[in-house]
Amino acid sequence: MHITLRIWRQTNPAGPGRLVTYELSDVTEDMSLLEVLDLLNLQLARNGEEPIAFDSDCREGICGSCGLQINGRPHGPLKGVASCQIHMRTFKENDTITIEPFRAKAFPVVKDLVIDRTAFDRIIQAGGFISVNTGGAPDANAIPIPKNTVDAAFEAAACISCGACVAACKNASAMLFVAAKVAHLGRLPQGEVERKERCLSMVAQMDAEKFGACSNTYACEAECPKEISVDNIAFLNRELLRAKVF
Amino acid sequence: MELNSRIPAGPLVEKWDSHRFNLKLVNPANRRKYHIVVVGTGLAGASAAATLAELGYRVTSLCYHESPRRAHSIAAQGGINAPKNYANDGDSIYRLFYDTIKGGDYRSREANVYRLAQVSNNIIDQCVAQGVPLARDYGGLLDTRSFGGAQVSRTFYAQGQTGQQLLLGAYQALSRQIGMGNIVFYPRREMLDLVVIDGQARGIVVRNMINGQIESIACDAVILATGGYANVFFLSTNARMSNATAIWRAYKRGACFANPCFTQIHPTCIPVSSEHQSKLTLMSESLRNDGRIWVPMIKGDKRDPNLIPEVERDYYLERIYPSFGNLSPRDVSSRRAKEVCDAGFGVGPTGKAVYLDFRDTIQRNGREWIKEKYGNLFDMYRQITGENAYETPMRIYPALHYTMGGLWVDYNLMSTIPGLFVLGEANFSDHGANRLGASALMQGLADGYFIISYTIGDYFASNKFHKVDTSHEAFRTAEKELKSTIDRLLGIRGKRAVDDIHKDLGHIMWEYCGMARNAAGLKKALEAIPSLEEEFWRNVSVPGRTDDLNQELEKAQRLIDFLELGKLIAEDALHREESCGGHFREEHETEDNEAKRDDENFSYVAAWEYRGPGNPPKLNKESLNFEYLKPSQRSYK
Ligand SMILES: Cc1cc2nc3c(=O)[nH]c(=O)nc-3n(C[C@H](O)[C@H](O)[C@H](O)COP(=O)(O)OP(=O)(O)OC[C@H]3O[C@@H](n4cnc5c(N)ncnc54)[C@H](O)[C@@H]3O)c2cc1C
Ligand code: FES
């Protein structure tokens with residue numbers, strides 16, 4: 001296949017960036033899009049030119065490292081997959097593919113396609129956990145938990161913290177990310193004790209990190225590679241209400 | 001060098017308890033005085049950092065990822081073992097111990113493995129308390145499944161995303177301590193050297209991957225939890241950045257490297273499709289609970305697999321190993337797959353694949369049932385191959401997956417450098433020559449949550465510590481050496497990219513040091529790797545600057561170490577004149593093509609000691625004594 005790539009290049013966080021066009025002809029259908037970037041980078045490196053910086057690690061949609069805006073959409077055209085899982089059979093001969101970093105005030109660009117999403121970690125540090133020290137936990141079967149409760153918690157906990165929800169939102173809100181963690185822990189009996197504090201501190205940190213407000217347009221759910229449901233946002237809103245009232 | 005494994009005396013089942021009693025303690029008020037650096041935030045590192053901080057030690061944690069939660073552990077799929085015996089199928093601590101020693105082909109320490117089996121039950125309790133959503137049945141109790149090499153159902157899981165869920169539990173515990181100010185965490189820092197002062201590990205030197213600064217951190221003990229080295233083969237199921245640099249540089253500072261040739265090849269991975277492939281994807285072993293492995297009985301049969309009638313299919317694992325069948329251990333299953341493919345029965349465009357077929361289970365239990373258990377794996381398979389495994393069998397082939405070898409550690413998880421502890425896949429400790437499925441998550445969390453917290457206290461309480469800070473000349477020297485290596489790399493300006501050379505190394509390793517090895521091939525590898533190394537230093541191209549985010553420079557640093565480690569792996573494989581577990585020497589096989597151990601001459605851990613550039617490493621042996629389980633020819637028939 002022959003493919004034209006338009007790739008965002010930016011030397012440092014302050015610097016202006018721009019789209020640079022590259023032509024590649026020896027692309028095959030079974031390559032992943034990131035392997036096409038690898039191929040381009042090999043060619044650049046062999047010529048002594050600086051390769052394109054981009055994050056990726058697991059390349060199976062689970063580590064959340066890859067966060068690319070592909071043809072204007074977070075993680076590209078397919079539903080329910082991360083950037084690293086897109087294969088070239090998705091595209092056609094002579095297609096032009098535009099690749100940019102996720103855009104959000106809270107996710108500054110570090111270089112080229114690499115962004116800084118440590119704001120997400122700080123939100124978890126503010127309260128996204130159950131406070132148990134190591135040791136002394138009761139037997140794992142001591143409290144039976146209904147299967148559908150655990151399954152719902154698991155669905156929320158499947159978030160990979162890639163930031164697509166933020167990139168998809170016109171306000172760059174982190175509501176789906178926060179809601180997924182609040183719902184994961186809040187739905188389980190183990191998370192009951194800290195329910196109130198957890199959602200208040202996580203939301204406070206989210207605001208401090210300069211994420212925007214949620215306006216319920218649900219673009220986040222549509223672009224989430226793990227298809228995390230906006231029902232979790234409703235859950236979070238109920239938790240907040242409950243926390244403020246009681 | 002004298003290797004002292006510090007295995008406590010006394011009966012097996014009492015060793016850990018009596019050892020814990022005999023270990024010296026650090027009083028809670030004094031713990032703040034000790035500063036521990038934990039490198040790595042996978043299961044082993046995150047659990048250790050959190051636990052030590054909870055106890056009151058001062059902890060610095062770092063990793064080369066943007067976030068601790070992106071560590072390679074996140075990708076583990078199938079599950080984690082614990083002999084809870086919730087299934088009431090005859091499981092016990094002793095049985096897990098037995099399975100693990102046997103699975104490791106009698107090349108691990110009884111005392112370590114028994115302790116692992118003992119603490120594994122606590123791990124499940126701990127994780128559930130943290131809110132890890134492990135799968136449950138309709139009665140609300142925890143569900144389990146079976147993994148290879150075991151006849152009981154002891155594997156706890158969260159769909160095909162067990163590693164993700166367990167890591168998030170540990171990450172959240174770590175985050176809590178960071179939020180409380182008990183841990184200082186640095187993202188995007190790569191450890192490039194270990195600093196040893198007066199014989200003790202006293203710090204590390206890292207590169208800040210954002211601005212290229214070389215930074216030093218002084219401390220009282222260093223914990224490496226930096227994962228395995230399977231990427232020496234270039235293609236593996238490991239995450240792309242997984243590498244050997246931390247352990248290799250510690251080796252060069254005096255930590256012995258144990259059993260480097262014990263590498264594991266996983267039987268069920270998506271086959272290689274082209275030269276451009278950047279990594280291989282695992283299809284979890286848990287699939288073998290419900291999928292059946294077969295090849296056509298006719299060589300080169302190109303028919304649609306669904307059209308091949310039952311009588312023309314060879315379910316070779318079920319045929320050769322009637323009692324374990326599709327759940328035979330990894331080393332055995334991989335070799336049999338290679339064998340049928342080499343003999344011409346392989347399927348798919350390259351002939352290097354066998355079928356993993358879910359037809360029967362789907363007919364029995366329905367598609368939804370399969371989807372609930374393995375949905376994400378089927379999705380992943382479809383993404384990569386474009387095929388629907390609900391309708392046509394998966395094609396799979398063995399691939400490099402895990403490394404049992406690693407830095408040598410004693411029973412306290414301390415390396416041969418006092419004050420340097422090694423946890424998780426980075427050490428060699430518990431899996432012998434072959435790891436059983438769902439045991440790595442168990443080991444990483446056992447080391448991090450339940451073992452290091454005791455043993456490191458004993459080290460602090462038993463030793464004197466001079467005050468050391470980063471102004472010490474040992475830090476200056478290490479920093480200077482690193483800067484000059486970096487300048488040298490950037491100055492070569494050759495014609496080949498780092499990955500070009502890494503792929504060549506991968507081909508050499510896979511060809512001569514992969515699933516089957518022999519003396520002639522290993523000798524070839526020992527000639528080919530040095531010449532590739534020479535080419536690297538002459539002809540690699542590392543563009544960009546040192547004071548900037550520079551991923552080619554990161555990769556080049558790692559490749560330096562892979563090239564050196566590749567030689568040690570081949571050396572170790574050549575010296576081990578026997579077959580055991582994942583190390584299969586063609587010269588040593590039984591009549592029915594199984595691995596033939598030589599207990600008389602090789603019942604030991606090979607711990608290699610670095611002796612300076614240009615000198616051959618020295619082989620130290622720790623002999624293995626089996627008091628409880630008598631080594632026998634492994635049989636899964
Ligand atoms: C696809 C796949 C599936 C698997 N499934 C299972 C399973 O179902 N059950 C099971 O038991 N096991 C499984 N395993 C094996 C298991 O996942 C690993 O052995 C285990 O997670 C390793 O954990 P770890 O904490 O030792 O290291 P890792 O998770 O690899 O973490 C290494 C950490 O060290 C950091 N690091 C490394 N080097 C440096 C350096 N120089 N400087 C700074 N930081 C550094 C990294 O950033 C990372 O944080 C699987 C493995 C793979 C590849
Ligand atoms: S590289 Fe891990 S999710 Fe894409």
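For every chain, the first residue of its written sequence is number 1, and the numbers climb from 1 along that sequence. Chains carry letters from A onward and ligands carry numbers from 1 onward, assigned in written order. Per-residue local features are limited, in this predicted model, to residues with pLDDT of at least 70; the limit for side-chain atom pairs, both in listing and counting, is 80 or more; totals at the level of whole chains, interfaces and linings are taken over all residues. No hydrogens and no water enter the side-chain calculation; it runs on all heavy atoms of the structure.

Undergrad: It is not clear to me how the overall build of chain B should be interpreted in this structure. Could you clarify?
TA: Only DSSP runs of H or I covering at least 4 residues are called helices, and only runs of E covering at least 2 are called strands; the numbering of each starts at the N terminus. Across its full length, chain B carries 16 helices and 19 strands. Seen along its three principal axes, the alpha-carbon backbone of chain B occupies a region of about 75 × 60 × 50 Å. Split into buried and exposed, the 637 residues of chain B put 68% on the buried side. Here the contacts in chain B between residues at least 6 apart in sequence split such that 74% fall between residues at least 24 apart. Surface accessibility of chain B: about 20900 Å² in total, with carbon and sulfur atoms responsible for 49%. Separation between the mean location of the 77 positive side-chain charges and that of the 77 negative ones in chain B comes to 3 Å. Type-normalised accessible area, obtained with a 1.4 Å probe on protein chains alone, sets the label of each residue: buried when under 20%, exposed when over 50%, and partly exposed for intermediate values. Two residues form a contact once any of their heavy atoms are found within 4.5 Å. The Shrake-Rupley method, run with a 1.4 Å probe, gives the accessible areas here. Residue values count only the displayed protein chains as cover. The convention is simple: Lys and Arg are positive, Asp and Glu are negative, and His and the chain ends are not counted. Taken as the charge location is NZ of Lys, CZ of Arg, CG of Asp or CD of Glu.

Undergrad: Looking at this structure, I do not really get the state of the cysteines. What am I missing?
TA: Put plainly, two cysteines are in a disulfide when a covalent bond ties their sulfur atoms together. All names here are of chain B. We call a pair of cysteine sulfur atoms a disulfide when they lie within 2.5 Å. For the coordinates displayed, the defined rule picks out zero disulfides over all chains. Not engaged in a disulfide, the cysteine cysteine 261 finds its nearest cysteine sulfur in cysteine 580; these two sulfurs lie 6.8 Å apart. Accessibility expressed as a relative area gives 0% for cysteine 261, which makes it buried.

Undergrad: What is the right way to read the packing of aromatic side chains from this model?
TA: All names here are of chain B. The rule is short: rings of Phe, Tyr and Trp, with Trp giving its six-membered ring, pair when the centres are within 6.5 Å, and they are stacked under 30 degrees, edge-to-face over 60, tilted in between. Inspection of every chain in the model, using the stated rule, returns 31 aromatic pairs over all chains. When the centroid spacing of 5.9 Å and the interplanar angle of 50° are considered together, the rings of tyrosine 459 and phenylalanine 460 count as tilted. Judged on exposure class, the residue tyrosine 459 and its partner phenylalanine 460 are both buried. Aromatic ring contacts, followed pair by pair, group Tyr34, Tyr57, Phe421, Tyr459, Phe460 and Phe465 into a single cluster. The residue whose ring lies beneath arginine 115 is tryptophan 16, and the NZ or CZ to ring-centre distance is 4.8 Å. Charge over a ring is defined by NZ of Lys or CZ of Arg lying within 6 Å of the ring centre and within 35 degrees of the ring normal. Sitting over the face of the ring of tyrosine 390, arginine 367 holds its NZ or CZ atom 4.4 Å from the ring centroid.

Undergrad: What should I look at first to understand the sheet that holds strand E9 (residues 221-224) of chain B in this one?
TA: Pairing between sheet strands relies on hydrogen bonds along the backbone, with the strands arranged either parallel or antiparallel. Residue and element names in this part refer to chain B. Read from one edge to the other, the open sheet built from five strands follows the order E5-E2-E1-E9-E17, with strand pairing classed as parallel. The open sheet has two edge strands with one neighbour each: strand E5 (183-186) and strand E17 (420-422). Strand-to-strand, the axes of this sheet are offset by a mean angle of 20°, without reference to chain direction. Relative to E17, E9 runs parallel, the two sharing three bridges. Its bridge partner being in E17, isoleucine 223 is matched across the sheet by phenylalanine 421. Each of strand E1 (35-39), strand E2 (58-62), E5 and E9 is contacted by helix H2 (residues 43-55), which is oriented at about 160° to E2, the strand it contacts most. A pair of strands counts as paired when DSSP detects no fewer than two bridges linking them. Helix axes are fitted only over the stretch in contact, all axes being lines through C-alpha atoms; the angle between N-to-C directions runs from 0 to 180 degrees.

Undergrad: How should the confidence of the model for chain B be read in this particular structure?
TA: The predicted coordinates of low-pLDDT regions are not to be read in fine detail. Note: pLDDT gives the predictor's confidence per residue, expressed from 0 to 100. Here chain B shows a mean pLDDT of 96. Residues at 70 or above account for 100%. Among the prediction metrics, the complex's ipTM stands at 0.98, with pTM recorded as 0.97.

Undergrad: Teacher, can you tell me more about the nonpolar core here?
TA: When a protein is soluble and globular, its nonpolar side chains tend to lie buried together. Nonpolar core, defined: a set of buried Ala, Val, Leu, Ile, Met, Phe, Trp, Tyr and Cys residues in which side-chain atoms within 4.5 Å join the residues together. Core analysis: the largest hydrophobic core is formed by 238 residues, its most contacted members being Phe211 of chain A together with Ile204, Leu224, Met394, Leu407, Leu420 and Ile456 of chain B. Excluding residues that lie within four positions of it along the chain, isoleucine 456 of chain B makes contacts with Ile36, Leu52, Tyr57, Ala221, Ile223 and Phe421 of chain B.

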